[in-house]
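# Reading the structure
Here's the letter readout for the chains.
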Amino acid sequence: MMTSTKKPAAIPTAHPPTVLGVMGGGQLGRMFAHAAQAMGYQVAVLEPAADCPAGHAAEYLINAPYTDAAALAQLAGQCAAVTTEFENVPSSSMAALAETTFVAPSSQCVSIAQDRILEKKFFVDCAPHAGVGPAPHLAITGLHDISAVPDVLLPGILKTVRMGYDGKGQARVNTRLEVETAFKAMGGVTCVLEKMLPLAYEVSVLTARGADGATVVYPIAENVHRDGILFTTTVPGPNVSSACAEQAQAAARVIVERLGYVGVLCIEFFVLTDGSLVVNEMAPRPHNSGHYTMDACVTSQFAQQVRATARVPLGDVRQHSPAVMLNLLGDLWFDAETGDASPVHEPDWAAVLALPGACLHLYGKDDPRPGRKMGHLTLIAPTLAEATAQLRAACTILRITL
Ligand code: ATP
Ligand code: MG
C-alpha cells in the first residue's frame, strides 16, 4: 500500500490567480484549463505539438518533449501545482516535477495505471478488501509463456502492457497458436492475456481524492463502446441495479484509498452476465465517461481535478439531471455513403443545439479524421427517458445509427 509521504497540513493551498500546470495538450487538458480559468486560476500546458486543443485555451504553452528537463523545470517553476491529462505521461517527468512543486497524481500512481501488469497486480492485492478482482490473466513476456497458457484463459484477449487505448494494442485469440501470432504481430512486446469474459454491460466509477484524504465518488456510469471507442455514456445506467452501483462505488473507494491517490481517477468495471463485477482498468485523470458531469453534476470532473490539484476542498458530486453523453468522432464530417476521404460537411450543429437539453462541446480540432474524438454532446433532461429521446433525435440529425 502506498501512502502520501507529505502530511496534509504541510501542503499549501494554491490560490487564484496562481498558475496550475498540466502535462499534455489534448481535449482533457483543454477542459481542465476552462474549469481552472472559471475558478480564477491561470494554466500552463507542456506539450510537444504547437497546435493543440489545450494550448488554445491555456495562458501559457511550453512546446517541448514531455521529458525535456529544461521545460519541466520551467513548468515546475511557474506552477503552484501540476497534473496530467493523459496516463502515458512519463512517470519520471512527474517525479522530476514533484521535486520542486506539488504534483497530483503521483508518479507512483501513474506508473501503476500505465502498466497493465502492475495495475492487475494492484487489483489482485485490493480484491480481498474491495470485494472485486480483475479478469483471470497471465503476463506474456515471451514464447515460453505462451506454451504455458492454461486452457481456462482461452478464448482470450491479448493486450499490450503499455500504451493501449481505445481498443488499440489488443487482439482476440482463440488458441495458443493465435496468441503466438498476435504476440509476434505486436512486435514481441510484453503483453497480458486476459480470459474473454461474458460481458452484460460496462460501467465506470469516477472518483476524486484530495491531498487531505477526502474522497468523493460520482454516480456509476454505463458505457457502450463501438469499434473499441466509447460511444455513449448513460447516467443513471439503464441496466445498473442499485446493488451493482453500491458494490462498484464501494470497490472504487477501496481502490483510491489503497493507492493513496490524489486527483481524479476513473475505474472501469465489467458487469458479467451472471451479475458479478470485474475491475478492468483505471485512468489517472478525468475520463471520457465522466464528461457528462460537466452538464449534469454540481461539480464537473475537470473542476474536481482543479480542486484536487490546488488542494482546495472537493466539490459536490450530486447529479442534478439524468444524462446521456455521445462522443462526436471525425467520421461525422465525412460522407457516410461515398466514404469520401475529404471532409465534406460540417455537422448540423444548429439543429443539434435546437434540441432541449443539448450541451455541445467541441475541442477546437480543425482536421477531422475517422475515429478521432472531435467533441461530445450531452443530453440532459428531467427524466432519463426524455434524455434518451433527445439522444435519438441528435443521432438522426447527425446520421448516426443507434
Ligand atoms: P480504453 O482506453 O478505450 O478504455 P483500452 O484500449 O485501454 O480501452 P480495455 O478497456 O482493456 O482497453 O478494453 C477495451 C474493450 O474491450 C473493453 O471496453 C471491453 O469492451 C473489451 N474487453 C476488454 N477486456 C475484455 C475481457 N477480458 N473480456 C471481454 N471483453 C473485454
Ligand atoms: Mg478501457
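See the structure above.
Right, let's walk through the structure included here.

Quick notes on the rules
- Residues numbered from 1 in each chain as written.
- Chains lettered and ligands numbered in written order.
- Predicted model: local features only at pLDDT ≥ 70, side-chain atom pairs only at ≥ 80, totals over all residues.
- Heavy atoms only, no water.
- 1 Å grid on protein atoms, 1.4 Å probe; cavity = no way out; pocket = protein on both sides within 12 Å on 5 of 7 lines; lining within 4 Å.
- Points joined across faces, edges and corners; volume = space filled by probe spheres on them.
- Helix = DSSP H or I, 4+ residues; strand = E, 2+ residues; numbered from the N terminus.
- Nonpolar A, V, L, I, M, F, W, Y, C, P; charged D, E, K, R; others polar.
- Near = heavy atom within 4 Å.
- Polar contact = N/O pair within 3.5 Å; in protein donor to acceptor, adjacent residues only side chain to side chain.
- Areas by Shrake-Rupley, 256 points an atom, 1.4 Å probe, with all protein chains shown as cover.
- Domains from an automatic or database assignment.
- Pairing = 2+ DSSP bridges.
- Axes fitted to C-alpha atoms, helices over the stretch in contact; angles between N-to-C directions.
- Contact = heavy atoms within 4.5 Å.

Another aspect to go through is the layout of surface pockets. Here the second largest pocket defines a volume of roughly 550 Å³. In this structure, the second largest pocket is lined by 20 residues; those nearest its centre are L329, D331, L332, R399 and I400. Those elements that place two or more of their residues in the lining of the second largest pocket are β13 (229–235), β16 (323–329) and α13 (384–398). Among the elements that take part in the lining of the second largest pocket, β13 stands out by supplying three residues, more than any other.

Another aspect to go through is empty space enclosed by the protein. Any empty space left between atoms is shown by rolling a water-sized probe over those atoms. Overall, the coordinates contain two cavities of 30 Å³ or more when judged by the stated rule. Counted as a void, the largest cavity has a volume near 90 Å³. Lining the largest cavity are 13 residues; nearest its centre among them are E87, A113, Q114, G164 and E281. Taken together, the residues of the lining of the largest cavity sort by class into four nonpolar, three polar and six charged. Looking at the second largest cavity, the residues that line it are S204, V205, L206, Y218, P219, A221, C266, S289, G290 and Y292. A per-element tally of the lining of the second largest cavity places strand β10 (residues 199–209) first, with three residues.

Within the structure, ligand 1 sits among 22 residues, and K159, G167, Q170, E202 and E281 are positioned closest to it. In the model, a nitrogen atom of ligand 1 is placed 2.9 Å from a nitrogen or oxygen of the K195 main chain. A distance of 3.0 Å separates an oxygen atom of ligand 1 from a polar side-chain atom of E268. Taken by itself ligand 1 offers 610 Å² of open surface, and the protein chains cover 92% of this. Taken together, the residues of the shell around ligand 1 break down into six nonpolar, six polar and 10 charged. Taken domain by domain, the shell around ligand 1 gets at least three of its residues from each of domain 2 (136–195) and domain 3 (199–398).

Moving on, we come to the sheet that holds strand β4 (residues 81–84). Ordered by their spatial adjacency, five strands build an open sheet running β3-β2-β1-β4-β5, and the pairing between neighbours is parallel. Edge positions in the open sheet fall to β3 (60–63) and β5 (102–103), since each of these has one partner strand only.

On to the sheet that holds strand β6 (residues 137–140). Reading across from one edge, β6-β9-β7-β8 is the order of the four strands in this open sheet, with antiparallel pairing throughout. Two strands in the sheet have a free side with no partner beyond their single neighbour: β6 and β8 (170–173). Within this sheet the neighbouring strands show an average axis-to-axis angle of 20°, counted without direction. In this structure, β6 lies alongside strand β9 (residues 191–195), joined through four bridges in antiparallel fashion. The residue bridging L138 from the neighbouring strand is L193, located in β9. Sitting on the sheet, helix α6 (residues 116–130) is in contact with β6, β7 (156–160), β8 and β9, with an inclination near 45° to β9. Against the sheet, helix α8 (residues 176–185) engages β6, β7, β8 and β9, with an angle of about 165° to β8.

It is worth stressing that arrangement in space is one thing and function is another; only the former is reported here.
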